[in-house]
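# Results of the structural survey
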Amino acid sequence: MNIKTRILLSVILLQVTGFALVLLNHQQRATDGILAANQQRIADESYQNMRYLDARAETLAGPELIPAALTLLQPQTSPADSRLWLFSAAGDSLTGQPAAGITSTVNSLLPLPGGNQKTRIIRHADSLLFIQPGRSGLVSVLQVPKSGMDALVSHNLNDDMFISAAIALLFISAMALMLEILFKPFEQVLQRLRYAVARNRDAGQPILQKVHYPENNEFTPLAETFNTLVDQVGEFTDRLSHSNALLQREQQRVAELNTSLEQRVSDRTRELAEKNTELQESLQQLKLSQQRLVSMEKNEALGEIVAGLAHEINSPLGISVAAINSLQDQLPEFATLPPATLTLTRENLDIAANNLQRAADMIERFKQVSVDQSSEQRRDFDLGDYLHSILLSLRPWYKYRPVDIRVECPPQLFISSYPGAIAQIMTNLMLNALTHAFPDPLQNGHIVIRVWQQQDEILLSFSDDGRGMDEATRTGFFEPFFTTCRDQGGSGLGGYIIRELTEQSLHGSARVSSTPGAGCEVQLSFPRRP
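Residues numbered from 1 in each chain as written. Predicted model: local features only at pLDDT ≥ 70, side-chain atom pairs only at ≥ 80, totals over all residues. Heavy atoms only, no water.

Our focus in this paragraph is the overall build of the chain. Looking only at helices and strands, the chain has eleven helices and 13 strands in total. Out of the 530 residues in the chain, the part that is buried amounts to 34%. Considering only contacts in the chain between residues 6 or more positions apart, those separated by 24 or more positions represent 63%. (Helix = DSSP H or I, 4+ residues; strand = E, 2+ residues; numbered from the N terminus. Buried < 20%, exposed > 50% of the residue type's maximum accessible area, 1.4 Å probe, protein only. Contact = heavy atoms within 4.5 Å.)

Shown next, in the form of structure tokens:
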């Protein structure tokens, strides 16, 4: 949209706005004036009509007076919906029964003097009453509704609005013609400027030429300024070309540097990949070493069990041998044995038999536990009886210590699981409690192993009333190589093996809770049939 169109639209907008404001003001004033003029016109016509009737009253005596009065007294300028009523000088209606309000209004004005009395205009409800008395004794009452008066006003206003609109249109046309005269030189200059600015489509840039403008008017400085701008653009284009050449050289140098940088990045990436490979190999070796340490820890615990069990076996077997030797020494005296000797012989034989049975039972339990720990086979077994077997194999570690160990397990609680894993877990828990919870061999204490079943889950609680653990020790309990007795040969794998066997072999979970000075509790949860 060019400037001429903008100015024209602005003028039209201002003209329409001013016309609307003037029209609103004029309409309000015109409405009041037209309304008053129409009322006066009807009143004047009613007065003239009554004078005309008075002049002919002598020739219209009798019954012809009322019909003639209705015809003569109806004003021609009144609206179509107006109605004429005739009253006598006494206030009686002569043309039907009008509304009660009209009759009471007329009666309130009686007596009305005849002669040259002007028409009275009285507002009644939504109507105007034009009351005109005459010398003949008749009183005409013209009832004009408000809607009829509004229609008259609207008709007159429409004529005024048409005239105003025509004047506004004439003004707009004059403004358009004036703008055309004013902007014609500007359009000529603009056309010359467009011709002066061409575009090189191949080069993708404009080509500027100077403007030839021979006229001497208000647009001459504009043409001179444009020609100056053309010169400045030419100089700037030359400098820009020089800068562009420098920029291209710099871009080429940056591209070479980028190529070199990519090569260096590639070399560093390859070096990092080699280092990463080495780290992966080192991590794999570390995991293998960790597995070897875990295996060594298991074998070490098993070796300690074997040594302790061998000691337990030697005692009953030694007693059995001594009893049997004593019996052999007394065999020659069997013939002349007194009753006391016979009694002693029977006791020795009983002692030998009992101790040999104990040795057989211990060897059998040891055999089963050893097989379970080494084979890692799944089988069905009584969990309570198996816990007692494990404690029996660990008896050398607590036999001479004042620590009370109690197992609370429902009888005949058969499960299908991995007894070797359970044996290793209980062994680590017992040795950990005897080493850390009760570090003093003469310290009294209690260890309670509670087992119960919740649906298909087995819950095992191993608790002691030893010295407990602080938060840092409790947090690292299940971490590999975490120990508080490294100077005493601790490997830090006991808790880690407990968690790994619970999660990997038993498919369960393990957690620990402890408070310094209040003991420790390890809770295991695993399915009855994993």
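This brings us to helix α9 (residues 419-437). Here α9 spans 25 Å end to end across 19 residues, near enough to the 27 Å set by a 1.5 Å rise per residue. Judged by how many residues are buried, α9 sits mostly within the fold: 16 of 19 residues are covered. (Expected span 1.5 Å × (residues − 1).)

All right, on to the sheet that holds strand β3 (residues 127-133) then. Spatially, β1-β4-β3-β2 is the arrangement adopted by the four strands of the open sheet, whose pairing is antiparallel. Whereas interior strands pair on both sides, the edge strands pair on one side only; in this sheet they are β1 (83-88) and β2 (120-124). When strand polarity is set aside, the average angle formed by the axes of neighbouring strands in this sheet is 25°. Note: β1 against strand β4 (residues 138-145), six bridges, orientation antiparallel. Residue pairing across strands places Phe87 opposite Val139, the latter belonging to β4. Each of β1 and β4 touches helix α2 (residues 65-72); the most contacted strand, β1, lies at about 140° to it. Contacts from helix α3 (residues 100-109) reach β1, β2, β3 and β4, with the element oriented near 140° to β2. (Pairing = 2+ DSSP bridges. Axes fitted to C-alpha atoms, helices over the stretch in contact; angles between N-to-C directions.)

Moving on, we get to unusual backbone geometry. The bulk of non-glycine residues show a negative phi, and the bulk of peptide bonds are trans. Phi angles above zero are rare outside glycine, and Gln455 is one such case at about 55°. Despite not being glycine, His507 has its phi angle at roughly 55°, a positive value. Among the secondary structure elements, His507 is positioned in the loop between α11 (494-505) and β12 (509-514).

Glancing now at the packing of aromatic side chains. For the structure on display, the rule yields two aromatic pairs. Plain terms: the ring middles of Phe381 and Tyr386 are 5.2 Å apart, the flat faces sit at 55° to each other, and that makes the pair tilted. Take Phe381: its relative accessible area is 4%, and that puts it in the buried class. (Phe/Tyr/Trp six-rings, centres within 6.5 Å; stacked < 30°, edge-to-face > 60°.)

It is at 9 Å that the axes of α9 and α11 come closest, and there the two elements cross at 155°. The orientation of α9 with respect to α11, classified from their angle, is roughly antiparallel. Crossing handedness for the pair α9 and α11: left-handed. Note on element contacts: α11 touches α9 through Gly494, Ile497, Ile498, Leu501, Thr502 and Ser505, opposite Ala421, Gln424, Ile425, Asn428 and Leu429. The residue makeup of the contact of α9 with α11, split by class, is six nonpolar, five polar and no charged. (Parallel < 35°, antiparallel > 145°, perpendicular 65-115°, else oblique. Left-handed = near helix turned anticlockwise from the far one by under 90°. Nonpolar A, V, L, I, M, F, W, Y, C, P; charged D, E, K, R; others polar.)

Bringing the side chain of Ser393 into the picture now. Position of Ser393 among the secondary structure elements: in helix α7 (residues 383-393). On the accessibility criterion, Ser393 (3% relative accessible area) is buried. A distance of 2.6 Å separates a polar atom in the side chain of Ser393 from the backbone oxygen of Ile390. (Polar contact = N/O pair within 3.5 Å; in protein donor to acceptor, adjacent residues only side chain to side chain.)

Attention shifts here to a nonpolar patch on the surface. A grouping of Phe162, Ile163 and Ile167 is seen on the molecular surface, where their side chains present a nonpolar patch of about 360 Å² in accessible area. On the secondary structure map, Ile163 appears in helix α4 (residues 146-196). (Patch = residues over 30% accessible without salt bridge, like charges linked within 9 Å, V, L, I, M, F, W, Y side chains within 5 Å. Areas by Shrake-Rupley, 256 points an atom, 1.4 Å probe, with all protein chains shown as cover. Salt bridge = Lys/Arg side-chain N within 4 Å of Asp/Glu carboxyl O.)

Attention now goes to α11. Over its twelve residues, α11 extends 16 Å from the first C-alpha to the last, a length consistent with the 16 Å expected when each residue adds 1.5 Å. Within the span of α11, buried status applies to Gly495, Tyr496, Ile497, Ile498, Leu501 and Thr502. Backbone geometry just after α11 places His507 at a positive phi near 55°.

Next up on the list: the sheet that holds strand β8 (residues 403-408). Note: strands within a sheet are paired through backbone hydrogen bonds, in either parallel or antiparallel orientation. The five strands are arranged β8-β10-β11-β13-β12 in an open sheet whose pairing can be described as mixed. Looking along the sheet, the strands with just one partner apiece sit at the ends: β8 and β12. Averaged over all pairs of adjacent strands, the angle between strand axes in this sheet comes to 10°, irrespective of strand direction. Bridging between β8 and strand β10 (residues 445-454) involves six bridges; their strand directions are parallel. For Glu408, the partnering residue across the bridge sits in β10 and is Arg450.

In this structure, Leu383, Leu387, Ile422, Met426, Met430, Ile447 and Ile449 are the most contacted members of the largest nonpolar core, which totals 45 residues. Every element with two or more residues in this core is listed here: α7, β8, α9, β10, β11 (457-464), α11, β12 and β13 (520-527). Top contributing element to this core by residue count: α9, with ten residues. Sequence-distant contacts of Ile447, defined by excluding residues within four places in its chain, comprise Val403, Asp404, Ile405, Arg406, Met430, Ala433, Phe438, Phe462, Ser463 and Asp464. One finds Ile42, Met50, Leu53 and Leu84 within the second-largest nonpolar core, a separate group that totals 17 residues. (Core = buried A, V, L, I, M, F, W, Y, C linked by side-chain atoms within 4.5 Å.)

You can see Ile498 is positioned in helix α11. Sequence separation of Ile498 and Thr427 is 71 residues, and the distance between their C-alpha atoms is 9.5 Å.

What follows is about the pairing of β12. Put simply, side chains in a regular strand alternate between the two faces of the sheet. Here β12 shows one buried face, formed by Ala510, Val512 and Ser514, and one open face, formed by Ser509, Arg511 and Ser513. When β12 meets β13, the two strands line up antiparallel, connected through six bridges. Each residue of the ladder has a partner; that of Arg511, found in β13, is Gln523. Between β12 and β13, which pair antiparallel in sequence order, lie five residues; one of them, Gly517, sits at a positive phi of approximately 85°.

The full count for this structure, using the stated rule, is six salt bridges. In this structure, the salt-bridge partner of Glu471 is Arg474, at a minimum N-O distance of 2.7 Å. Taken together, the residues span about one helical turn, with Glu471 and Arg474 both in helix α10 (residues 471-475) at a distance of three residues. On the basis of relative accessibility, which here comes to 51%, the residue Glu471 falls in the exposed class. Close ionic contact of Glu500 with Arg499 constitutes a salt bridge, the shortest N to O distance being 3.8 Å.

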